[in-house]
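Structural overview
Listed below are the residues making up each chain.
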Amino acid sequence: MSPSVRLQEMIRVIRGARTQGEERGVIQRECAAIRAQFRQADNGTRSHNLAKLLYVHMLGYPAHFGQMECVRLIASPRYNEKRVGYLGAMMLLDEKQDASLLITNSIKNDLSHSSQYVQSLALCTLACMGSAEMCRDLAPEIDRLLRASNSYIKKKAALCAVHMVRKVPELGELFTPAARSLLSEKNHGVLHGAVVLITELCERNPDTLEQFRKAVPELVLMMKGLVMSGYSPEHNVAGISDPFLQVRILRLLRILGRNNDTASDAMNDLLAQVATNTDSSKTAGSAVLYETVLTVMDIKSESGLRVLAVNILGRFLLNNDRNIRYISMTSLQKIVQTDHNAVQRHRGTIVDCLKDQDASVKRRALELSLALVSAVNIRSLMKELLLFLSSCPPELRAHTTSGIFNAAERYAPSQRWHIDTILHVLTTAGGDVRDETVPNLIQLITTATELHCYTVHKLYRALITDISVQSLVQVACWCIGEYGDLLLRGECEETEPVQVTEDDVLDALETVLQSHMSSPATRGFALTATMKLSTRITHNVDRIRSIVSIYGSCIDVELQQRAVEYNALFKKYDHMRAAVLERMPVIDKSSPGHTNGESAGGTIKELEPAKLTQEIVLPQEPSNQVCDLLDLLGDSGEPFQPSPSLSSTAPGPASSTAGGDLLDLLGGLDVTPAPPSVTVYEKNGVTLKLQTDRQTDTGMTVTLTATNSTDGDITGLTLQAAVPKSVQLQMKAPSGDVIPAHGLGQVTQTVLLNNPNKVSLKIRVRVCYTSQSSVCQDTVQIDSFPSTAW
Amino acid sequence: MMHFLLLFSRQGKLRLQKWFTPVPEREKKKIVRDMTTMVLGRKPRSCNFLHWKDLKIVYKKYASLYFCCGLDAEENELLALEVLHRYVELLDKYFGNVCELDIIFNFEKAYFILDEFLLGGEVQETSKQVLSRSIEASDMLQEAEIDNSDYDLELGWP
């Protein structure tokens, strides 16, 4: 009985085992027998035992006790034992095992063996698991084999050299001369090995790359020969002559032609020829064309050739084979930045691929579509993207929504379109949008002043249909709170107006407040909106009062705090309610309190979630807005006396306390060097310094700092400012109104100025304070500003 | 270069594994598990290319066997499909209408054929005829030795 039947019998027995336990039993018995056999002297069955062990190893069982047997078998004079020994070495040993060093000597001997098949075994094993030391040891041997042996060995030696160069890059110098001479071989196997070796050498060493640039004409000729040759039965694959070699030559040409005009010129004709003559009906041809396209795009090719390459990719897009569509899109993605117009021509096909069944193809199509968005095609492309969003796989939704928002932001043809698009996305995939979407959308809505009516109508309709999408509900609540009066008016130019009563609106908000689907942040929005409506509606203020007082004992601390504060607003500060809850100004996108997706600094972004989660952050603004009178400001300049519950003086209802904290935190983050400050007022121990900071072309931040050098505290400090007619002024809340004595502290007030007409800037400041029980009031005019101003 | 080549059945049983880079044993097992889960989980008419870590994975199903290889990022995936196909053709020529059982019971021969076709993760010979001839010659050398040794044993010669 031939011994190898025993191996097959063992395999049969193992496969016949009905349970895992039975299999383990069989294998344990066999392994014990194998171990016993290994300990015995040579009896002609060693190779079969090792083969059995290798099978067991493939099933996942430990086989380390076979390592020494591999070493012994490799040293055997018999070919069949060597063969299995080397196979075992490749499977059980790797460079990290100690036993692998022991086979170095055997490999060395076998490299000079009389039989080429034994040499081949040694070369194969060396290329598979040769460690760095082994490579250094045996490199001269390989070099010898590269020069003086038959083609069977030469091709293997070339690839073995590739492995050595990967392991020990310095060996590249040793192999370069031999590699050069191999290029003149005729045998395809050797040529292939030579091209791979040269590619590896050129990738690692720029000097070698320079050297091999001279070989470009030779490579071009070689390639031409392959493309134009007739049918060669030996190397033909689906009508292409040796596609493996063709692809490797093209890759080498790519490396040689990169960033080099002469080399690129030399290969232009060839690449055009390959591109036009290769038949791409089968995979082999497509592989060659694909490599050609990659080469054309990477070297300095002429524009006609580039257009040809992009057209090939476009043709690939229409191919029935999904693989070819996939790689076409991958390649188009790489070149969409540089050859944008050429890729745009194929936009239609790319967009069609969005509807493909395969998830990988869809993903590629999505990325390409987003890269192709431009001002010209935004409307049609967005339609397709929105259609895609409604049916896209869940793992792509977040990416799609953020892509759509970016595209809309950059290329929106009109504000109404922009708002519509964002609303559409929120209704379709509101759960997958980023956190910044809500503040961004709100900012956008405030800027679109003429669309307030339209927007609030749309959002109201969306709200009464569905309150599960948190982002949409939050924006809707905010809008209803702000523009509820427009809703109740019952007329709208842009869209069909709704006929609602105040009760309906309050019902909607209350549903959100009470629903278990609403997140705490959303409920916060709803409560604030309800409160805001108290100044915009006429009849149901009591209802609002009762809602607010109910939530005064809510379990959620945030809601409770708000409700208590709003209650206070109803009771003690009812005279201020109208001013506090007035319509919001246009939110400036670059103000520090506003998070704007990508443009927000990292530190601010980190703080936002900690403090505010989904809330909008509003800049701190008292209700005095734009002042274009040279007269001093009236009462509106006075800061509010803070009561214990309203800790900051800002009237922004949504984030009164949290926002104040944020401003302090932001103050702490300020790391820019302080611009020079000028003392503008000094009297009674009170010093007022002015500091300017140029923010933009027309905008400037002025910081007024008041210090006190007297023995007693200065109380009741107020600062008011007036500027020329065309200049816009915004006073921020002062840091306080008490200046501690002996210069122990200071009060700062920030003033934002906008000077669009660039008139000469003057500012008049009225300072008012109580010092040692006497009230003082002074006016200072500042005509010239420190040098940082214009 | 190719980093690894795996053959596994529809049930996820490994039939052949060739590693062209040094990988610890535990890592090998993990990669095999990952590959089988990923490839077996693909829908029938998906494309044959995947991404895994920084490698491109190309796989093709032939009857009940999945051929799966991991490539460097700059490799040509379509050519890799051709490489896999060429290997299947070689097996087919050698075994005559190859099926999974052939590869199970003659796994060492499958390895020998692979070692004639790929070396160090690269294709070493592009001609089918040359490859078949060298495989046959090696087999004949092996047979000759075995015959000789049998002969020796029978006659009791050392």
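The shown structure was predicted, so the numbers you read here are calculated from the model rather than taken from an experiment.

Some points on the pattern of salt bridges
Going through the model one piece at a time under the given rule, you end up with 48 salt bridges over all chains. Residue A:Lys155 is joined to B:Glu125 by a salt bridge in which the shortest nitrogen-to-oxygen separation is 2.8 Å. Taken together, the positions of A:Lys155 in helix 10 (residues 151–167) and B:Glu125 in the loop between strand 7 (122–123) and helix 5 (128–155) put the pair across two chains. Relative accessible area serves as the criterion here: at 2%, A:Lys155 is assigned to the buried category.

Things to note about the packing of helix 22 (residues 359–372) of chain A against helix 23 (residues 378–391) of chain A
All names here are of chain A. Their axes nearest at 11 Å, the elements helix 22 and helix 23 cross at an angle of 150°. Here helix 22 lies roughly antiparallel to helix 23, going by the angle between them. Once helix 22 is placed against helix 23, the crossing between them reads as left-handed. Contact residues: Lys362, Leu366, Ser369, Leu370 and Leu372 in helix 22; Leu381, Leu385 and Phe388 in helix 23. Each residue belonging to the contact of helix 22 with helix 23 can be placed in one class, and the counts come to six nonpolar, one polar and one charged.

Quick word on the nonpolar core
Most often, soluble globular proteins keep nonpolar side chains buried together rather than apart. In terms of nonpolar packing, the biggest core is built from 265 residues, with A:Ile142 and B:Tyr87 touching the most fellow members. The residues touching A:Ile142, leaving out its near neighbours within four places in the chain, are A:Leu111, A:Leu123, A:Leu126, A:Ala157, A:Cys160, A:Ala161, A:Met164 and A:Phe175.

Some points on the packing of aromatic side chains
On inspection of all chains with the given rule, the structure shows ten aromatic pairs over all chains. Judged by centre distance (5.6 Å) and plane angle (50°), the rings of A:Tyr55 and B:Phe107 are tilted. Placement of the pair is A:Tyr55 in helix 3 (residues 46–58) and B:Phe107 in helix 4 (residues 107–117), with the two residues belonging to separate chains. Classification of B:Phe107 as buried rests on a relative accessible area of 1%. Here A:Tyr326 and B:Phe49 contribute two aromatic rings whose centre-to-centre distance is 6.0 Å and whose plane-to-plane angle is 50°, an arrangement assigned as tilted.

Some words on the confidence of the model for chain A
In this model, chain A carries an average pLDDT of 82, and 87% of its residues clear a pLDDT of 70 or more. The low-confidence segment residues 592–672 of chain A, where pLDDT is below 50, has 127 contacts with residues more than four positions distant or belonging to other chains.

As for the interface of chain B and chain A
Every contact between the two is made by 59 residues of chain B and, on the other side, 65 residues of chain A. Between chain B and chain A, roughly 5800 Å² of surface is buried when both sides are summed, and carbon and sulfur atoms account for 57% of that area. For chain B, the biggest contributors to the area lost against chain A are B:Leu78, B:Phe105 and B:Leu119; these three give 12% of the whole. For the pair chain B and chain A, the number of links is six salt bridges. Of all elements in the fold, only strand 2 (14–19), helix 1 (25–40), strand 3 (49–52), helix 2 (77–95), helix 3 (100–105), helix 4, strand 7 and helix 5 of chain B reach the threshold of two or more residues within the side of chain B that touches chain A. Examining the composition of the side of chain B that touches chain A, we find that eleven residues originate from one element, helix 5 of chain B, more than from any other. Tallied by class, residues from the side of chain B that touches chain A come to 25 nonpolar, 14 polar and 20 charged.

Cut-off values and rules
Residues numbered from 1 in each chain as written. Chains lettered and ligands numbered in written order. Predicted model: local features only at pLDDT ≥ 70, side-chain atom pairs only at ≥ 80, totals over all residues. Heavy atoms only, no water. Salt bridge = Lys/Arg side-chain N within 4 Å of Asp/Glu carboxyl O. Helix = DSSP H or I, 4+ residues; strand = E, 2+ residues; numbered from the N terminus. Buried < 20%, exposed > 50% of the residue type's maximum accessible area, 1.4 Å probe, protein only. Axes fitted to C-alpha atoms, helices over the stretch in contact; angles between N-to-C directions. Parallel < 35°, antiparallel > 145°, perpendicular 65-115°, else oblique. Left-handed = near helix turned anticlockwise from the far one by under 90°. Contact = heavy atoms within 4.5 Å. Nonpolar A, V, L, I, M, F, W, Y, C, P; charged D, E, K, R; others polar. Core = buried A, V, L, I, M, F, W, Y, C linked by side-chain atoms within 4.5 Å. Phe/Tyr/Trp six-rings, centres within 6.5 Å; stacked < 30°, edge-to-face > 60°. pLDDT = per-residue confidence, 0-100. Buried area = accessible area lost by both parts, 1.4 Å probe.

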